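# Inside the fold
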Amino acid sequence: MEVIIRPSTEQAVDLVARLIIARLKEKPDATLGLATGRTMERLYANLVASGVSLAQCRTFNLDEYIGLEPGDPNSYRSYMQTHLFDHVDIDPANTHVPDGSASDLKKAAETYEQAILAAGGIDLQLLGIGEAGHIGFNEPLSSFMSRTRDKSLTPTTRAQNAEMFGGNPENVPKRALTMGVGTILDAKELVLLATGPAKAAIVAKAVEGPVTSMVSASAIQMHPNCKVVVDEAAASALSGRDYYDFVFQNEPEWEDYRT
Ligand code: GLP
């Protein structure tokens, strides 16, 4: 794992956007794993502004609320249309979001896993992190071998996401259909982006804490190709930052990204 700390939120977001654009230059038909949340809004705005082509890409989102139709303004499908898909040249048929409105969720989950496999797996999986330590909606005690399935949301997560549901956590769906931790770990590369002071404690646990299913995001420590990109605020509880900065300043891989 590499931890990259940028002075500002804009610079952290910009670095991730540049990384994605570089990967797409190498492989225009890459399969991208996408995430939602407020953090990613800035990233998608950056990608849209860059004019990058997603014409040959396939995308798979991490998760979707159960019980919301795709057209519901609070669904993650709507989020993706609003923040990315409607503004880029991606073929709508190549965009995938779990079907949280399916009557048979088990089947929808299996279909999703099969579609990822049929696409040749995910090349780059983008991750945010929830204050409960989730990646996707893998709440505490999610098995590290879990695959796409339905999951109950924690009160912390429902409170964290209440803003998008009129401010009342009770309005946030109780469950979600999410890629499993095992599904996420199968991606060839992971890029976790976290910004702002509210993420500092959980980022430190995920990156430096014990690997435990109580913090699903700690599973990224087991991935052989994982980058964690944070701003100063989200980095503030990390104890090993001098070394992380040293790596970023010296690894040839990061030469183009230091400015
Ligand atoms: C939701 C998503 C997560 C995401 C998290 C972070 O809970 N299911 O995948 O990581 O939001 O949200 P934000 O960026 O708004 O803090």
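Please refer to the structure higher up on the page.
Here's what I pulled together on the structure shown here. (Residues numbered from 1 in each chain as written. Predicted model: local features only at pLDDT ≥ 70, side-chain atom pairs only at ≥ 80, totals over all residues. Heavy atoms only, no water.)

### Structural notes on the pattern of salt bridges
For the structure on display, the rule yields 15 salt bridges. Taken together, the shared-partner salt bridges connect Arg23, Glu189, Lys227 and Glu253 into one network. (Salt bridge = Lys/Arg side-chain N within 4 Å of Asp/Glu carboxyl O.)

### Some remarks on the sheet that holds strand β5 (residues 95-96)
Taken together, the seven strands give an open sheet; going across it, the order is β1-β10-β9-β6-β2-β3-β5, and neighbouring strands pair in parallel fashion. Strands with a single pairing partner mark the edges of an open sheet, and in this sheet they are β1 (2-6) and β5. Here β1 runs beside strand β10 (residues 226-231); their pairing, made up of five bridges, is parallel. Paired with isoleucine 5 across the two strands is valine 230, which belongs to β10. Against the sheet, helix α2 (residues 38-50) touches β2 (31-34), β6 (124-127) and β9 (189-194), its axis set at about 130° to β6. (Pairing = 2+ DSSP bridges. Helix = DSSP H or I, 4+ residues; strand = E, 2+ residues; numbered from the N terminus. Contact = heavy atoms within 4.5 Å. Axes fitted to C-alpha atoms, helices over the stretch in contact; angles between N-to-C directions.)

### Digging into the nonpolar core
Ranked by internal contacts, the top residues of the largest apolar core, which has 75 residues, are Ile20, Leu43, Tyr44, Leu54, Leu126, Val230 and Leu238. Other than its neighbours up to four places away in sequence, tyrosine 44 contacts Leu34, Ala35, Tyr79, Met80, His83, Leu84 and Leu126. Leu105, Ala108, Ala109 and Leu177 belong to the second-largest nonpolar core, a separate cluster that totals six residues. (Core = buried A, V, L, I, M, F, W, Y, C linked by side-chain atoms within 4.5 Å. Buried < 20%, exposed > 50% of the residue type's maximum accessible area, 1.4 Å probe, protein only.)

### Considering the site of the ligand
Around the ligand, 14 residues are found, and the nearest of them are Arg38, Thr39, Asp63, His134 and Lys199. Contact between the ligand and isoleucine 129: an oxygen atom at 3.2 Å from a main-chain N or O atom of the residue. Within the complex, 97% of the 390 Å² of free accessible area of the ligand lies under protein. The cavity where the ligand resides is the largest pocket. Of the residues that constitute the shell around the ligand, the class distribution is three nonpolar, eight polar and three charged. (Near = heavy atom within 4 Å. Polar contact = N/O pair within 3.5 Å; in protein donor to acceptor, adjacent residues only side chain to side chain. Areas by Shrake-Rupley, 256 points an atom, 1.4 Å probe, with all protein chains shown as cover. 1 Å grid on protein atoms, 1.4 Å probe; cavity = no way out; pocket = protein on both sides within 12 Å on 5 of 7 lines; lining within 4 Å. Sits in = over half its atoms within 2 Å of the grid points. Nonpolar A, V, L, I, M, F, W, Y, C, P; charged D, E, K, R; others polar.)

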